[in-house]
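Listed here are the chains, written in short residue letters.
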Amino acid sequence: MATKKFMFVNRKAPYGTVYALESLEVVLISAAFEQDVSLAFIDDGVYQIAKGQDTTGIGQKNFSATYKALGDYEINKLYVEKESLEERGLTLDDLMDLTWEDEDDDYEEKPSIHLVDRADMAGIMAQQEVVISF
Amino acid sequence: MATKKFMFVNRKAPYGTVYALESLEVVLISAAFEQDVSLAFIDDGVYQIAKGQDTTGIGQKNFSATYKALGDYEINKLYVEKESLEERGLTLDDLMDLTWEDEDDDYEEKPSIHLVDRADMAGIMAQQEVVISF
Amino acid sequence: MKYTLMINEGPYQHQSSDTALQFARAALEKGHEIYRVFFYHDGVNNGTRLSAPPQDDRQIQKEWSELAKQHDLDLVICIAAAQRRGLMDADEAKRQGMDADNIIEGFRISGLGQLIEGGIQADRTLVFGD
Amino acid sequence: MKYTLMINEGPYQHQSSDTALQFARAALEKGHEIYRVFFYHDGVNNGTRLSAPPQDDRQIQKEWSELAKQHDLDLVICIAAAQRRGLMDADEAKRQGMDADNIIEGFRISGLGQLIEGGIQADRTLVFGD
Amino acid sequence: MAMLHIVNKSPFERVAFESCLNHASAGDSILMIEDAAVGAVKNTRFSESIEAALKDKSVYVLSGDLAARGLSEDRIITGVTAVDYAGFVDLTVDNDTTQSWL
Amino acid sequence: MAMLHIVNKSPFERVAFESCLNHASAGDSILMIEDAAVGAVKNTRFSESIEAALKDKSVYVLSGDLAARGLSEDRIITGVTAVDYAGFVDLTVDNDTTQSWL
């Protein structure tokens, strides 16, 4: 099958709506198709990968640990927008530490999260072939 | 049954979502209970009573004529927020001509739409006993 | 206090049904009365018995059904909203010539008047939606 | 052109299913191909056969079903999303021990891989949602 | 007549929260639930609006919704009170009416 | 590679439309559908943003959605083009990719 550049765009906070959870389910499945997959976290989407999520008070399943599994499937291009973090009083330190092991580089652990500014994010979006938004 | 001050708050444009249509169905039913009913149109809710709605291009039923029936059920307190109109480039002339006949005043035809500013709208909301939002 | 709750969104898609469920439990625990829960718009989808979410996820529809049983709650699904969205009890299915129904125990289908009447009877009316 | 469409909201509540239906008709009229329509999130609710909207309103679920029949469209409902929301075909109902099913003719239930495969095969992938 | 305004929308995504603040009266209470909980945090694009509201209104956030989104209570704006569902119920008792900003 | 950005949210209610404008590239096209159609109108709080976008992007509005909300085509911003569903299809052909701003 052909390889295409797929981007999954996440703009919504988790738990208030199902989009974050069901988006992650799509991303995991996409790994099986060996496509060139990247994820964009902009606007409220940045809360999806916030550190320390604790859902005991709202009765929903905490699915945030699943983002840590993405690296094992070589999904390691998670673009996070700098301006979106700043407007929300957040920094990179507030996000989970998401990494992957590069088997072409002696299994070195490398960061999956790439902090980019708005202009760079626009440039990355412009290169995509299939954009699926949630 | 007791008489309460009911307010139905409309903040969303029609047709993009079902809220405007199904809100109107609630308002019509409320007439049967002889309550003190008023409607607030703020933010995108003002488009619900825009003049000249034509849905032939989108395959949905045009339900805007139903607002004209509200006067017959003595639902005649339709508060429209001035600032919400202005931000959208609209004036009172862009809204439907909604009226009711005052049987205590020789069936004189009177306007149902009351243009109020934001501060007045806040004051009207503060007096309500049951507020149902869509 | 006597409450009427209105729920405007279906289960899972939005948090509103979860929040209303937690609110209802907290109110009952404090000795308040839930006079009625009225399901409108996509909220009618909370009343299906055909859902089967993953075992480790919450079962929203069943939780409402069980809460209703425990506390004798009046859970009302709006008939007009239900007809658009495909929620049917046995009587309505028969009337519409449908070959199946899908409503879960503890819910009943009725008209919009139940919402207004709920608003009149209750001390507080709360809306949960999107 | 070959299209894959994704629909993320249920009928009536949001316009997205209406818009997708109009888009699909216009594309077919121009001689394009609809490779697949994938229903996700509350979009799975477009596949119920138990709806009975007012006579003067559109019948969204039936319109999809009829369009599929006319043009041999592949309408796929995501199984995981369907299980949460209570959409069942006869096989799945049996497997889950349900006493009823509610899917309309012309839709099939399958996995999320169908969305990705649709995205790979189609020239254009469009998302309709809220 | 005091009113409890319930907001469930992120102030960064929708106008609903701002509209709530524009229509709440002095002495009213505002409760942030669901996605609106992110509005309770200090030093955001929105925090000044909350600080202004605190001058004549009470502002609350549902603690479970705050925690779910990875935000700890030490990050919330001074003067905003975290409550649980029991506290949510109490707020509906203490105010005469509620209005949801959907 | 030109992209068609499809927006279906009112710019007066949600940030989605503004976010779309912030991420569209020169040469891209933007199509307003559903509730976003109200953003096509002249002299609104949002119209300057559309006028700025028109400098290096093409902007369209779905005519059926505009008419449904009571807005006639003589009210739309100069430079914005009204299209029907057939025109919507053509836009997806003329651009290499589409992105929906939900």
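Reading the values: the criteria
- Residues numbered from 1 in each chain as written.
- Chains lettered and ligands numbered in written order.
- Predicted model: local features only at pLDDT ≥ 70, side-chain atom pairs only at ≥ 80, totals over all residues.
- Heavy atoms only, no water.
- Least-squares fit on C-alpha atoms with pLDDT ≥ 70 in both.
- Contact = heavy atoms within 4.5 Å.
- Buried area = accessible area lost by both parts, 1.4 Å probe.
- Salt bridge = Lys/Arg side-chain N within 4 Å of Asp/Glu carboxyl O.
- Polar contact = N/O pair within 3.5 Å; in protein donor to acceptor, adjacent residues only side chain to side chain.
- Nonpolar A, V, L, I, M, F, W, Y, C, P; charged D, E, K, R; others polar.
- Helix = DSSP H or I, 4+ residues; strand = E, 2+ residues; numbered from the N terminus.
- Buried < 20%, exposed > 50% of the residue type's maximum accessible area, 1.4 Å probe, protein only.
- Phe/Tyr/Trp six-rings, centres within 6.5 Å; stacked < 30°, edge-to-face > 60°.
- Lys NZ or Arg CZ within 6 Å of the ring centre and 35° of its normal.

- Where an unreviewed UniProt entry is consulted, chain E appears under the name Sulfurtransferase complex subunit TusB, with the organism given as Leucothrix pacifica.

- The name recorded for chain A in an unreviewed UniProt entry is Sulfurtransferase complex subunit TusC, from Leucothrix pacifica.

1. Let's talk about the relation of the copies chain D and chain C
Logical step 1: Between chain D and chain C, which share one sequence, the superposing operator has a rotation angle of 180° and an axial displacement of 0.0 Å; the RMSD is 0.0 Å. Interpreted geometrically, this transformation is the action of a two-fold axis. By C-alpha distance to the rotation axis, the residue of chain D lying nearest is D:A100, at 3.1 Å.
Logical step 2: Residue by residue, 100% of the interface of chain D is reproduced at the interface of chain C, so both copies engage with the same surface.

2. Observations concerning the interface of chain B and chain F
Logical step 1: Counting from both sides, the interface comprises 22 residues of chain B and, opposite them, 19 residues of chain F.
Logical step 2: Of the roughly 1500 Å² buried between chain B and chain F, counting both surfaces, carbon and sulfur atoms make up 49%.
Logical step 3: Counting the surface chain B buries against chain F, the share from its top three residues, B:Y47, B:I58 and B:E87, is 30%.
Logical step 4: Counting the contacts that link chain B with chain F gives 3 salt bridges.
Logical step 5: Residue B:D94 pairs with F:R75 through a salt bridge whose shortest N-O separation is 2.7 Å.
Logical step 6: In this structure, the connection of chain B to chain F is made through 9 residue pairs in polar contact (both at pLDDT 80 or more).
Logical step 7: Its residues assigned to classes, the side of chain B that touches chain F shows 7 nonpolar, 7 polar and 8 charged.

3. Some thoughts on the pattern of salt bridges
Logical step 1: Under the criterion given, the structure shown has 68 salt bridges over all chains.
Logical step 2: The partner of F:E13 in a salt bridge is B:R11, with the nearest N and O atoms 2.6 Å apart. Remark: B:R11 occurs in the loop between strand 1 (5-10) and helix 1 (19-30) and F:E13 occurs in the loop between strand 1 (3-7) and helix 1 (16-23); the pair is interchain, linking two chains. Each member of the pair, F:E13 together with B:R11, is buried.
Logical step 3: Ionic pairing is found between B:D102 and B:K110, a salt bridge with its closest N-O pair at 2.8 Å.
Logical step 4: According to the relative accessible area criterion, B:D102 is buried, its value standing at 12%.
Logical step 5: Through salt bridges with shared partners, one network takes in A:E22, A:E25, C:D18, C:D57, C:R58, D:D42, D:R84 and D:R85.

4. A closer look at the packing of aromatic side chains
Logical step 1: Under the counting rule described, the total for this entry stands at 24 aromatic pairs over all chains.
Logical step 2: Ring geometry for D:Y3 versus D:F23: centroids 5.5 Å apart, planes at 80°, classification edge-to-face. Highlighted residues: D:Y3 in strand 1 (residues 2-7) and D:F23 in helix 1 (residues 16-29), separated in sequence by 20 residues.
Logical step 3: For D:F23, a relative accessible area of 0% corresponds to the buried category.
Logical step 4: In textbook terms, an aromatic cluster arises when at least three aromatic residues are bridged by ring pairs, as seen for A:Y15, A:F41, A:F63 and A:Y67.
Logical step 5: Stacked on the ring of A:Y19, the Lys or Arg A:K12 has its end atom at 4.2 Å from the ring centre.

5. What to know about the interface of chain D and chain C
Logical step 1: Taken residue by residue, the interface counts 29 residues in chain D and 29 residues in chain C.
Logical step 2: Between chain D and chain C the total buried area reaches about 2300 Å² when both faces are included, carbon and sulfur atoms providing 48% of it.
Logical step 3: When the buried area of chain D at its contact with chain C is split by residue, D:Q13, D:L50 and D:R84 rank highest and sum to 30% of it.
Logical step 4: In this assembly, chain D and chain C are joined by 4 salt bridges.

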